[in-house]
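# Observations on the model geometry
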Amino acid sequence: MTLVDGAALLRTVGEARTAARVGSTPERAVRVLNRNVRLLRAYGAAVATSFLEPVLMLISLGMGVGELVGTVPGPTGEPLAYDQFVAPGMLAVAAMNGALMDTTYSFFVNLKYAKAYDAMLATPLDADDVARGELVYTLLKGALYAAGFVVVMAAFGLTPSWWVLLCIPVAVLVGFAFGGAGLGATTYMRSFLDFDKVSMVLVPSFLFSATFFPLERYPDAVAAVVRWTPLYQGVVLARDVTLGHLHAGLLLNALYLVVMGCLGLAVASRRIRAL
């Protein structure tokens, strides 16, 4: 084969690959999802650990500390048992942590070291398929964890309303927001040292998002900032639907998370394509 023939063959292969990418993006994203699900079966212990962590925190903080605290003001000002107040917030925290772990650490290893995405992009899959497949995988795991957490809440008598079932889609929404942001942010990371920045986001979000005490307890200036933080939107959604306190303002909290996730996903797709 001459050099000219080889160049022509490469062009033909490239054109065929480009043509193969014109199709159903959801179907191609499902292929990425299927890969991750197969890998998940080999790491059942890790899945159990991820589920047990928020449950143990609920028991220690909500029920242990709750015996000392007693009641706190609920969303409408009514006295609310501390464990009932904390449980929905812990659900939102678990959704955030799970999404960020999947879309930062795991995604970074596959991107920089395992080179898994290089292999995927050598097939008809494109950057959008990879980003969407990874995010859908994260959301399915989040829904599974949330369902289990709701069962635990019910076992401890922390579900005063059937509206608590909406906590599952709320957890998925929180996972979408932080998962999309995690994917986008990870594409800018160059080493594991950059993950210190993830902790700088996680710890303040965990402590200052009205998870453990009402927003009214914050100084006015701090409360004004907390109202605009991402995790606070999820905490408000989870707590209000758990108590059956539904109102139009929750749509704004949900919209915030949807926009956040979409922006992160768009950045991730663009960056994966450029890397």
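Our subject is the structure listed above.
It should be emphasised that the depicted structure is a prediction, and the values quoted were computed from it without experimental measurement.

Rules used throughout
- Residues numbered from 1 in each chain as written.
- Predicted model: local features only at pLDDT ≥ 70, side-chain atom pairs only at ≥ 80, totals over all residues.
- Heavy atoms only, no water.
- Helix = DSSP H or I, 4+ residues; strand = E, 2+ residues; numbered from the N terminus.
- Buried < 20%, exposed > 50% of the residue type's maximum accessible area, 1.4 Å probe, protein only.
- Contact = heavy atoms within 4.5 Å.
- Axes fitted to C-alpha atoms, helices over the stretch in contact; angles between N-to-C directions.
- Parallel < 35°, antiparallel > 145°, perpendicular 65-115°, else oblique.
- Left-handed = near helix turned anticlockwise from the far one by under 90°.
- Nonpolar A, V, L, I, M, F, W, Y, C, P; charged D, E, K, R; others polar.
- Salt bridge = Lys/Arg side-chain N within 4 Å of Asp/Glu carboxyl O.
- Expected span 1.5 Å × (residues − 1).
- 1 Å grid on protein atoms, 1.4 Å probe; cavity = no way out; pocket = protein on both sides within 12 Å on 5 of 7 lines; lining within 4 Å.
- Points joined across faces, edges and corners; volume = space filled by probe spheres on them.

Another aspect to go through is the side chain of Q84. Inspection of the secondary structure puts Q84 in helix α4 (residues 82-113). We classify Q84 as buried; its relative accessible area is 18%. Once residues within four sequence positions are removed from consideration, Q84 is found in contact with G157, L158 and P160.

All right, on to the packing of helix α7 (residues 167-186) against helix α11 (residues 249-274) then. Packing of α7 against α11 leaves a shortest axis separation of 7 Å and a crossing angle of 30 degrees. On the basis of their axis angle, the class for α7 and α11 is roughly parallel. The crossing of α7 and α11 is left-handed. Residues L173, V174, F176, A177, F178, G180, A181, L183 and G184 of α7 form the contact with α11, whose own contacting residues are A254, L257, V258, M260, G261, C262, G264, L265, V267 and A268. Its residues placed into classes, the contact of α7 with α11 shows 15 nonpolar, 4 polar and no charged.

Turning our eyes to something else, we now look at the pattern of salt bridges. One pass over the full model with this rule turns up 2 salt bridges. The residue K141 makes a salt bridge to D102 at a minimum N-O spacing of 3.2 Å. With K141 in helix α6 (residues 127-155) and D102 in helix α4, this residue pair connects regions lying 39 residues apart in the sequence. As far as burial versus exposure is concerned, K141 and D102 are alike and both buried. Salt-bridge contacts for D194 lead to K197; the nearest nitrogen and oxygen are separated by 3.8 Å. Relative accessible area serves as the criterion here: at 15%, D194 is assigned to the buried category. Given the relative accessible area of 55%, K197 is considered exposed.

End to end, α11 covers 39 Å across 26 residues, agreeing with the expected 38 Å (1.5 Å per residue, within 8%). For α11, every residue scored as buried is listed here: L250, N253, A254, L257, M260, G261, G264, L265, A268, S269, R271 and I272. The elements touched by buried residues of α11 are α4, α5 (116-121), α6, α7 and α10 (230-242).

Right, let's get into the layout of surface pockets. Volume-wise, the second largest pocket comes out at about 490 Å³. L215, R227, Y232, V236 and D240 are the residues nearest the centre of the second largest pocket, which is lined by 23 residues in total. For the lining of the second largest pocket, the secondary structure elements donating two or more residues are α10 and α11. For the lining of the second largest pocket, the element with the highest residue contribution is α10, accounting for 5 residues. Counted by class, the lining of the second largest pocket contains 11 nonpolar, 8 polar and 4 charged residues.

Moving on, we come to unusual backbone geometry. Backbone geometry places A210, a non-glycine residue, at a positive phi of 60 degrees. Summarising the element assignment, A210 is placed in the loop between α8 (196-207) and α9 (220-226). For A210, a relative accessible area of 3% translates into the label buried.

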